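# Breakdown of the fold
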Amino acid sequence: MGTILVLTNSSGGLYDFRNELLVRLLERHKVVVSLPDTTKVKELEAEGCEIITTPINRRGVNPKEDAGLFLAYRRLLKDIRPDLVITYTIKPNVYGGFACRLSKTPYIATITGLGGAFDRKGFFLKMIIMMYRMGLKKAECVFFQNKENRDIFAGYGIRGKRERLVNGSGVNLERHCFEEYPHGKKTTFLFVGRVMKERGILEYLEAAVRLHREDVEFAILGYCDEDYQELLNEYEEKGIISQWGFHTQVHPFLAKADAIVVASFHEGMSNALIEAAATGRPVIASDISGCREAFEEGKTGFGFTPGDAGDLIRAMEKFLKLSREERASMGRAAREKMEREFDRKIVVDAYMSEVVN
């Protein structure tokens, strides 16, 4: 019975999208999880995981803080002496990977998305490339969630010993079961995700203003990650949008919507899209890698150019012209696509094959 150490930056993300892997690992291994928060700690401990709290500034670039994280990972490896380390998200991948490399501990990394890091130029980009090379060079396997991310890394010479491409984290088809299409008099568009510029909130709000009418609702599901709360409150008071808040269980809200909108500028693989599709809802999605793989144009949803409010409006208007039966048919096709391609069991099997190796 070996020990596996998991390094991640969010207990919620780990439990919601990767818990099935943890359950499989716990069948044969001791699992220790390093994370910075307590959101899903009780649930993880109840399943048998040992939890260690390791502070992470997810979005900061403070060298002192990042050096502290690297040293914390070094101490964890020395104290726990795991047989394998699995890392998720940028800082655990980079600093955890480098710590594993120095201690000669086998590790598997997952690239869950690049954000805007590789859109930068000059010194900052060179630093990012160097850090990823240092962190991933000795990884037994690097998992990518879309081909574009894999190709970007290959172009910069960032690689581990092996690489694999999987459809994101997959979707739990039982938790996100198929729901019959709603019969409401209003068409409800639901923006799902953190409220921030890079998630396309400004384009969504512009679409809400320009398409505002009595039989269309523009709802938002997610917490405000940037300084937009006053603007959201103002739009809600005017009846332009509805704020549905932040909820750890999103399925009931997906079921209430007619179409789910994901307007991100960057994605690894959009969990919001694949969960919506599994629920049987058409999607309006950014035409980018990480979204594009999760829908079929005109069959399960409509794509648009990210950052282009006019193109988002065009896609929404196209959807509004569809009959209820046409929309429901798109939802059924979306569910079928998830069953064929995005079942989380397929993703978990891919990871388990690497753990066995």
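Above this note sits the structure.
What comes next is a walk through the structure. A quick note: this is a predicted structure, and the numbers were derived from the prediction, not measured. (Residues numbered from 1 in each chain as written. Predicted model: local features only at pLDDT ≥ 70, side-chain atom pairs only at ≥ 80, totals over all residues. Heavy atoms only, no water.)

## Things to note about the pattern of salt bridges
In the structure shown here, the tally under the stated rule is 25 salt bridges. A salt bridge links Lys-299 to Glu-296; its shortest N-O distance comes to 3.8 Å. Within the structure, one salt-bridge network assembled from shared partners comprises Glu-296, Lys-299, Lys-337, Arg-340 and Glu-341. (Salt bridge = Lys/Arg side-chain N within 4 Å of Asp/Glu carboxyl O.)

## Some remarks on the packing of helix α1 (residues 11-26) against helix α13 (residues 344-356)
Contact geometry of α1 with α13 gives a least axis separation of 10 Å together with a crossing angle of 45°. It follows from the interaxial angle that α1 and α13 lie oblique. Viewed along their axes, α1 and α13 form a crossing whose handedness is right-handed. Note on element contacts: α13 touches α1 through Arg-344, Val-348, Asp-349, Tyr-351, Met-352 and Val-355, opposite Asp-16, Phe-17, Glu-20, Leu-21, Arg-24 and Leu-25. Of the residues in the contact of α1 with α13, the class split is seven nonpolar, no polar and five charged. (Axes fitted to C-alpha atoms, helices over the stretch in contact; angles between N-to-C directions. Helix = DSSP H or I, 4+ residues; strand = E, 2+ residues; numbered from the N terminus. Parallel < 35°, antiparallel > 145°, perpendicular 65-115°, else oblique. Left-handed = near helix turned anticlockwise from the far one by under 90°. Contact = heavy atoms within 4.5 Å. Nonpolar A, V, L, I, M, F, W, Y, C, P; charged D, E, K, R; others polar.)

## Describing the pairing of strand β5 (residues 107-111)
The buried count for β5 comes to five of five residues, which makes it a mostly enclosed element. The alternating pattern of β5 places Tyr-107, Ala-109 and Ile-111 on one face and Ile-108 and Thr-110 on the opposite face, and all of these are buried. In terms of strand pairing, strand β4 (residues 84-88) meets β5 through four bridges, oriented parallel. By the bridge assignment, Tyr-88 is partnered in β5 with Thr-110. Where β5 meets strand β6 (residues 141-144), four bridges bridge the pair, whose relative direction is parallel. Residue pairing across strands places Ala-109 opposite Val-142, the latter belonging to β6. (Buried < 20%, exposed > 50% of the residue type's maximum accessible area, 1.4 Å probe, protein only. Pairing = 2+ DSSP bridges.)

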